[in-house]
Amino acid sequence: MLSRRTFGLGIAAVAATACTPPPPTLGPDGKPLPRVYNIRDEAVVKFRMLDSVNALRQAAGVPQLQLNAELTAAAATHARDMSLQNRPWHFGSDGSSPLQRVTRAGYVGQFLGEVLSETFETELETLAAWMEEQGSREILLDANAADMGFAWYQEDSGRLWWVLNTGTLTGTTQIQT
């Protein structure tokens, strides 16, 4: 007959097994495959990025940014175009530069910079990666910036192409990845 103690240990072992997450699915290289981050509410993602960038800017002692429709339109166009080209870079399939794209989108201010990424990561993980890279960090924390455009394109596979543009009424042009 089982003692209460043995029975209790058995129940605890079953409970611990039930709480253990399943092992990650591994790719051919033996590394865990990326988990798909499905964006369900675009407004939440957009404002979470704006709030996060502004929190970083506040900590750095620089003015906050506001979302700008024209910079966002240029970012959205380029995010989809990068997916079609299957490479994260600053040039459009038509040879356009970031400056040309924001001008085409109707932005009347001074374009300051563009950061981009191709990943399966969330917007906040992407922002953290941008902050680790000096050129991207300089764009995100540029004291001259007042406007931000932010957009992405998500493929059926879950891969995300992120683009963030900054601008202001005055400043210098700078492009980084």
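Chemist: Just to check I follow, could you spell out the overall build of the protein for this structure?
Modeler: Scanning the protein for helices and strands turns up six helices and four strands. When the helices and strands of the protein are listed from N to C terminus, the series reads α-α-β-α-α-β-α-α-β-β. Buried positions account for 38% of the 177 residues belonging to the protein. Sequence separation of at least 24 residues holds for 70% of the intrachain contacts in the protein that already meet a minimum separation of 6. Total accessible area on the protein is roughly 10,300 Å²; 56% of this is exposed by carbon and sulfur atoms.

Chemist: For this particular structure, what's the right way to read the packing of helix α2 (residues 42–59) against helix α5 (residues 123–132)?
Modeler: A packed helix pair is summarised by two numbers, namely the angle formed by the two axes and the spacing between the axes. One can describe the packing of α2 onto α5 by two numbers: an axis separation of 10 Å at closest approach and a directional angle of 30°. Overall, the two elements α2 and α5 adopt an arrangement that is roughly parallel. Here α2 and α5 pass one another in a crossing that is right-handed. Here Val45, Arg48, Met49, Ser52, Val53 and Leu56 of α2 lie close against α5, whose contacting residues are Glu123, Leu124, Leu127, Trp130 and Met131.

Chemist: Is there a simple way to explain the nonpolar core in this structure?
Modeler: General note: in soluble globular proteins, nonpolar side chains tend to be found buried as a group. Core analysis: the largest hydrophobic core is formed by 19 residues, its most contacted members being Met49, Val53, Trp130, Leu140, Met148, Phe150 and Leu164. Contributions of two or more residues to this core are made by α2, β2 (110–119), α5, α6 (134–140), β3 (147–154) and β4 (160–168). Of the residues forming this core, the biggest block, four residues, is contributed by α2. The residues contacting Val53, other than those within four sequence positions of it, are Leu65, Leu127, Leu140, Met148 and Leu164.

Chemist: Sorry, what's going on with the side chain of Asn54 here?
Modeler: The topology assignment puts Asn54 in helix α2. With near-sequence residues (within four places) excluded, Asn54 lies in contact with Gln64 and Leu65.

Chemist: Any chance you could explain the sheet that holds β3 here in plain terms?
Modeler: Strand pairing in a sheet relies on backbone hydrogen bonds, with the paired strands running either antiparallel or parallel. Ordered by their spatial adjacency, four strands build an open sheet running β1-β3-β4-β2, and the pairing between neighbours is mixed. Since the sheet does not close on itself, it has two edges, and those belong to β1 (66–67) and β2, each with one partner. For β2 and β4, the ladder comprises nine bridges, and the chain directions are antiparallel. Paired with Val115 across the two strands is Leu164, which belongs to β4. Sheet contacts for α2: β1, β3 and β4; angle to β3, the most-contacted strand, approximately 135°. Contacting β1, β2, β3 and β4, helix α3 (residues 69–85) crosses the sheet at an angle of about 30° to β3.

The rules behind each value
- Numbering of residues starts from 1 in each chain and follows the order in which that chain's sequence is written.
- Only residues with pLDDT of at least 70 are given local features in this predicted model, and only at 80 or more are side-chain atom pairs given and counted; all residues enter the totals for whole chains, interfaces and linings.
- To obtain the side-chain values, all non-hydrogen atoms of the structure were used and water was disregarded.
- Starting at the N terminus, helices and strands are each numbered in turn, a helix being any DSSP run of H or I of at least four residues and a strand any DSSP run of E of at least two.
- Remark: exposure states derive from per-residue accessible area (1.4 Å probe, protein chains only) relative to the maximum for the residue type, with buried under 20%, exposed over 50%, and partly exposed in between.
- Contacts: residue pairs with any heavy atoms within 4.5 Å of one another.
- The Shrake-Rupley method, run with a 1.4 Å probe, gives the accessible areas here. Residue values count only the displayed protein chains as cover.
- To obtain an axis, a line is fitted to C-alpha atoms, over the contacting stretch when the element is a helix, and the angle between two such axes runs from 0 to 180 degrees between their N-to-C directions.
- Roughly parallel covers angles under 35 degrees, roughly antiparallel covers those over 145, roughly perpendicular covers 65 to 115, and oblique covers all other angles.
- Crossings are classed by handedness, with left-handed meaning an anticlockwise turn of the near helix from the far one by less than a right angle and right-handed meaning a clockwise turn.
- Within this scheme, the nonpolar core is defined by two criteria: the residues are buried Ala, Val, Leu, Ile, Met, Phe, Trp, Tyr or Cys, and they are joined through side-chain atoms within 4.5 Å.
- Strands were regarded as paired on the criterion that DSSP finds at least two bridges between them.

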